[in-house]
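Breakdown of the fold
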Amino acid sequence: STVYRALWEDREIALKVYKESAPERHTRKHPMSLEQFEHSRNLAFYQAPGMARYVAEPLGTLVVDGVHAFRQEKLDGELYYFYYKRRDGDVPPKLFEHVERMVALHHEAGLYDADLHSMNVMVVEDDDVHGVARRRRPGAARLFLYKAMTYPGLRAAGAKELFL
């Protein structure tokens, strides 16, 4: 899958577009469509008590002309992997407290498939701390911006510009 920066109803969002073969492969194992499954799982994490601060808001799904996609809040931050490397491992202890809190909240809610790893956690600057760890989504894809796409009500980003 590829994640695009997109404009949906005057809101900048992240749009995860699945590879053509992914929805069919998923339905062989699960009765729910891939985009609906991912939306429902992210919604469960987002709605778990205390988790909205740590999870990108799931906004819905999109299926147009055989293209399957999942819409969610666009996070402005840096993947933890790159954040850690850029700082030569010097990460504020407060950030680890947030990661520990996320795991505890997941477990309290009975959600054990968080898929937390360095390429799935975004560090988002916050006024009261030096960064808040936020889970992007299960099976997170690249957030590189390329390939222009348009659908009714949607305008997705090309290499370096947002089509408004």
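Cut-offs applied
Residues numbered from 1 in each chain as written. Predicted model: local features only at pLDDT ≥ 70, side-chain atom pairs only at ≥ 80, totals over all residues. Heavy atoms only, no water. Helix = DSSP H or I, 4+ residues; strand = E, 2+ residues; numbered from the N terminus. Buried < 20%, exposed > 50% of the residue type's maximum accessible area, 1.4 Å probe, protein only. Contact = heavy atoms within 4.5 Å. Areas by Shrake-Rupley, 256 points an atom, 1.4 Å probe, with all protein chains shown as cover. Expected span 1.5 Å × (residues − 1). Arc of directions from axis to C-beta. Pairing = 2+ DSSP bridges. pLDDT = per-residue confidence, 0-100. Phe/Tyr/Trp six-rings, centres within 6.5 Å; stacked < 30°, edge-to-face > 60°.

This part takes up the overall build of the protein. Check the secondary structure of the protein and you find four helices and nine strands. For the protein, the α and β elements follow one another from N to C terminus as β-β-α-α-β-β-β-α-α-β-β-β-β. Put simply, the protein has 164 residues, and 45% of those count as buried. Of the contacts formed within the protein by residues at least 6 apart in sequence, a portion of 59% connects residues at least 24 apart. Per element, the accessible surface of the protein, about 9100 Å² overall, is 52% carbon and sulfur.

Let's shift gears to helix α4 (residues 93-108). Over its 16 residues, α4 extends 23 Å from the first C-alpha to the last, a length consistent with the 22 Å expected when each residue adds 1.5 Å. Residues of α4 that are buried: Leu 95, His 98, Met 102, Leu 105 and His 106. Looking straight down α4, one finds that the buried residues subtend no more than 100° of arc, so they occupy a single side. In α4, those exposed residues whose orientation departs by more than 90 degrees from the buried face are Pro 93, Glu 100 and Glu 108.

For strand β1 (residues 2-8), the buried fraction is high: seven of the seven residues fall into the buried class. Here β1 shows a buried face lined by Thr 2, Tyr 4, Ala 6 and Trp 8 and a second buried face lined by Val 3, Arg 5 and Leu 7. Alignment of β1 against strand β2 (residues 11-17), held across seven bridges, turns out to be antiparallel. Bridge pairing in β2 places Val 3 opposite Lys 16. Here β1 folds back onto β2 in antiparallel fashion, the turn holding two residues, of which Glu 9 has a positive phi close to 50°.

Glancing now at the confidence of the model for the protein. Predicted confidence across the protein gives a mean pLDDT of 77, with 76% of residues reaching 70 or more. Here strand β8 (residues 150-151) stands out as the least confident element of the protein, with mean pLDDT 42; helix α2 (residues 34-47) is the most confident, with 92. For the stretch residues 157-164, pLDDT sits under 50, and the model shows 25 contacts to residues farther than four places along the chain or on other chains.

Okay, the packing of aromatic side chains next. Under the criterion given, the structure shown has three aromatic pairs. Between Tyr 80 and Tyr 83, the aromatic rings sit 6.4 Å apart at their centres with planes inclined by 35°, giving tilted as the arrangement. On the criterion of helical spacing, the pair formed by Tyr 80 and Tyr 83 is a turn pair, its members being three residues apart in helix α3 (residues 80-86). The exposure classification of Tyr 80 matches that of Tyr 83, with both residues buried. Here the aromatic cluster, defined as three or more aromatic residues joined through ring pairs, consists of Tyr 80, Tyr 83 and Tyr 84.

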